[in-house]
Structure formats: structure tokens, C-alpha cells
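Observations on chain architecture
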Amino acid sequence: MDEKIVEIAEGIKSMEIRGAGRIARVAALALKYFAEDFSGTEEDFLKEIERVKEYLISTRPTAVSLKNAVYFVINRMRGENLEELRKSVIRSAEEFIKRSKEALKIIGKYGSGRIPEEATILTHCNSSAALATIIQAHRDGKRIKVFNTETRPWFQGHITAKTLAKEGIDVTMIVDSAVRYFMREVDIVVVGADTIASNGAVINKIGTSQIALAAHEARVPFIVCAETYKFSPETVIGKLVKIEERDPREIADPKDFPEVKFRNPVFDATPPEYVDAIVTEIGVISPYLAYEIIKEVMNFGAEGKKNRY
Ligand code: RUB
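Predicted model only: the values in this text are computed from it and were never measured. (Residues numbered from 1 in each chain as written. Predicted model: local features only at pLDDT ≥ 70, side-chain atom pairs only at ≥ 80, totals over all residues. Heavy atoms only, no water.)

Okay, the overall build of the protein chain next. Looking only at helices and strands, one finds 10 helices and 10 strands in the protein chain. For the protein chain, whose C-alpha radius of gyration is 20 Å, the value lies close to the compact-globule estimate of 19 Å for 309 residues. On the principal axes, the C-alpha backbone points of the protein chain span a range of 60 × 50 × 40 Å. Approximately 14500 Å² of the protein chain is accessible, and the part contributed by carbon and sulfur atoms is 51%. Computed over 45 positive and 46 negative side-chain charges, the separation of the two mean positions in the protein chain equals 2 Å. (Helix = DSSP H or I, 4+ residues; strand = E, 2+ residues; numbered from the N terminus. Rg over C-alpha atoms; globule rule 2.2 N^0.38 Å. Areas by Shrake-Rupley, 256 points an atom, 1.4 Å probe, with all protein chains shown as cover. Lys, Arg positive; Asp, Glu negative; His and termini not counted. Charge placed at Lys NZ, Arg CZ, Asp CG, Glu CD.)

Next up on the list: the packing of helix α4 (residues 64–75) against helix α5 (residues 82–113). Running from N to C, α4 and α5 point in directions that differ by 140°, and their axes come no closer than 8 Å. Classified by the angle their axes make, α4 and α5 are oblique. Crossing hand, α4 versus α5: right-handed. The segment α4 lies against α5, with A69, F72 and V73 engaging V89, S92, A93, E95, F96 and R99. (Axes fitted to C-alpha atoms, helices over the stretch in contact; angles between N-to-C directions. Parallel < 35°, antiparallel > 145°, perpendicular 65-115°, else oblique. Left-handed = near helix turned anticlockwise from the far one by under 90°. Contact = heavy atoms within 4.5 Å.)

So, about the packing of α5 against helix α6 (residues 128–139). Here α5 crosses α6 at 55°, and the two axes come no closer than 7 Å. The angle between α5 and α6 falls in the class oblique. Crossing of α5 over α6 shows right-handed handedness. Along its contact with α5, which presents L104, I107, G108, K109, G111 and S112, the element α6 presents S128, A129, A132, T133, Q136 and A137. Residue classes in the contact of α5 with α6 are distributed as 5 nonpolar, 6 polar and 1 charged. (Nonpolar A, V, L, I, M, F, W, Y, C, P; charged D, E, K, R; others polar.)

A few words now on the pairing of strand β3 (residues 170–174). As defined by bridge partners, strand β2 (residues 143–149) adjoins β3 across 5 bridges and the pair is classed as parallel. Bridged to V146 within β3 is V171. Note that the unit made of β2, helix α7 (residues 156–166) and β3 has a crossover that is right-handed. (Pairing = 2+ DSSP bridges. Right-handed = clockwise from strand over helix to strand, strands pointing away.)

Let us look at the side chain of E244. Within the element layout of this structure, E244 appears in the loop between β7 (222–225) and β8 (267–270). For E244, a relative accessible area of 7% gives the class buried. (Buried < 20%, exposed > 50% of the residue type's maximum accessible area, 1.4 Å probe, protein only.)

Among the secondary structure elements, Q156 is positioned in helix α7. If sequence neighbours within four positions are ignored, Q156 has contacts with M15, R18, C125, N126, E150, T151 and K205.

Pairing between the strands of a sheet comes from backbone hydrogen bonds, and it takes one of two forms, parallel or antiparallel. Pairing within the open sheet is antiparallel, and its 3 strands lie in the order β5-β6-β8. The open sheet is flanked by β5 (195–196) and β8, the only strands paired with a single partner. Helix-sheet contacts for helix α9 (residues 208–217) involve β6 (202–205) and β8, and the interaxial angle to β8 is about 35°.

Within the structure, the ligand sits among 18 residues, and R18, G21, S127, N204 and K205 are positioned closest to it. Within the backbone of S128, one N or O atom sits 2.7 Å away from an oxygen atom of the ligand. Protein chains shield 99% of the accessible area of the ligand, which is 460 Å² for the free molecule. Secondary structure elements with two or more residues in the shell around the ligand: α2 (20–37), α6 and β6. Considering only residue class, the shell around the ligand consists of 6 nonpolar, 7 polar and 5 charged. Here the shell around the ligand spans two domains, since at least three of its residues come from each of domain 1 (3–102) and domain 2 (106–297). (Near = heavy atom within 4 Å. Polar contact = N/O pair within 3.5 Å; in protein donor to acceptor, adjacent residues only side chain to side chain. Domains from an automatic or database assignment.)

Structure follows, in C-alpha cells:
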């Protein structure tokens, strides 16, 4: 396998490259590199791109964004000869990356509209889409303060806190388990998503569903910022979203706890009844419209159309 592709895939696995949007963009980039660097016959190209596709998809199981990015490129592959096939892969990969970046800007604008003029926001983990909304709200002149969770066990919250502080936003980092304690001070929760199922359930960093419960209890609006490529076509035909469980050593060294078992699921599902709105680049929608997005935008119905996205 091409060195550049291995480097990207290993980067995703080890979480050096992380976040659903980012891993989708680098997966598209890997396919672009593959098409640029390939030397061989047309037949080999078609065989090899299948291998690259499976390899990239296998790196992280939960975020559908990665799969959708790969299918976006593969499903648009057209050409009478190798040169044309290569060019179409490069073009679609570039188009995916461009669309993905543009989507974030639009989400920021639409999302900011949902933030009150003066608000305390709570966010979890490190989501570019949630950050786009929060940062846009600040740039729009809204007087905001942010609570952000440190996000165990990987501490992605550290990146979030630094990013917000750099923007000049008033940010306070809390431990994940302090969410309910602070919820009474929060006006709105803003998070991202790795995958959105056809029933509107939102799969995001572990702990998101607890935050949604606490928000629901306190009647605090809970919004999710997600590009349309975070919606999962396969859930329409009954597939369940696989929740990634990572190495227990991310929590503690099991050697220090010889009698103890560890579990380390890194995502969870928030049911649609706890989600007030999903901010996408094509508008702010109810989670119950997830199926429509999958059908209309992603061109995938229960009848199982081949073109997934
Ligand atoms: C990241 C995470 C983020 C979503 C959305 O998990 O759960 O909230 O991926 O991020 P991990 P974005 O750190 O395990 O990848 O909005 O940037 O796509």
C-alpha cells in the first residue's frame, strides 16, 4: 500500500488525526494521493482502489463521515480509460474536501442564529462544527461564555478550550462529571456528531447522551452541529451504528489493577427526543427529519439505491 495512504490510515487509527469531519477529509485526500501516485494498468487501478477503500473505512468504525467521504469519491468514479478514472477520483476528492470546508462555514452562520445575544454555552469534546457555531456567535458580537468538558480519556476538551481562548472567548473547562452541577448556569448545549441515524439518534463522543439528559432535565436546549455527510444511509436498511471500544490503557494501566476489568467505549447514542435541532449546511432541522436528509440529499432510500451519497 502507498506510504502516504498508510500514514493517513495509521494517523486516523492512532487518533493523531481525529474528529469526524477531519477524518472524512483526510480519507478523501488519501484517495486523491492514490489516484495521483498510481502506476499500473486500469484493471489494477480498479482492484487496488477497492483495497484502499476497505482499508480506509476499517480505520475507525463509528464515524460514518469517513465512509461517506470514501463513497462520495468512489461512486463518482467515471472514465473510459485509466487517465480519466484517475482524474475523476482526484476531482471528486477535491470536491468533497471543498464542500466539507464550506459546510462548516455555513453551519457556523446558521448555528450562530440559534445562540441568544447573551448566553452561556456548554460543549463537549472537540467538534469543528460545534466550534464553528460558537466562534461565529462570538464574531457576530454575541456575549457568550463557554463551559467545556475536558473529555476523558483523550482530553479533546483541551484543544477546544485552547481554540476558544485563542478567539478571545471566555471559556471555563470542567470535568465531564461536573456537567449536571453546572447545567443550571447553561443556556444552550452545542455539540457535534460522528453519525446521525435515520431515526434521528445522534452518535457522538461518549458522555454526550448524559449531557443531553441533564439538559433535558433542566430544559436547556440541546443542539447538534453536523454536516449532511454525518447522516448514515445504512441505518435506513436496519444496520446499527457500531460503537468503537478502544484500548483500556487509554483509561489507566491495567497492570496497576490486576483484578479489574476495563471498558472504553468512545461514543454513545443520544435519542432524538433529547435533541432540539440539528444544524446542517442545508438548514436547521428537527432530528426527526434525518430520514429525509438521507433520502433526498444522500440519494439513498429504503429500496437501497446503489449511490449512497
Ligand atoms: C470526536 C467527536 C466529535 C465529532 C464531531 O471524537 O466525538 O464531537 O467527531 O467532530 P474523536 P467534527 O476525538 O474520538 O474523533 O464536528 O469536528 O466533525
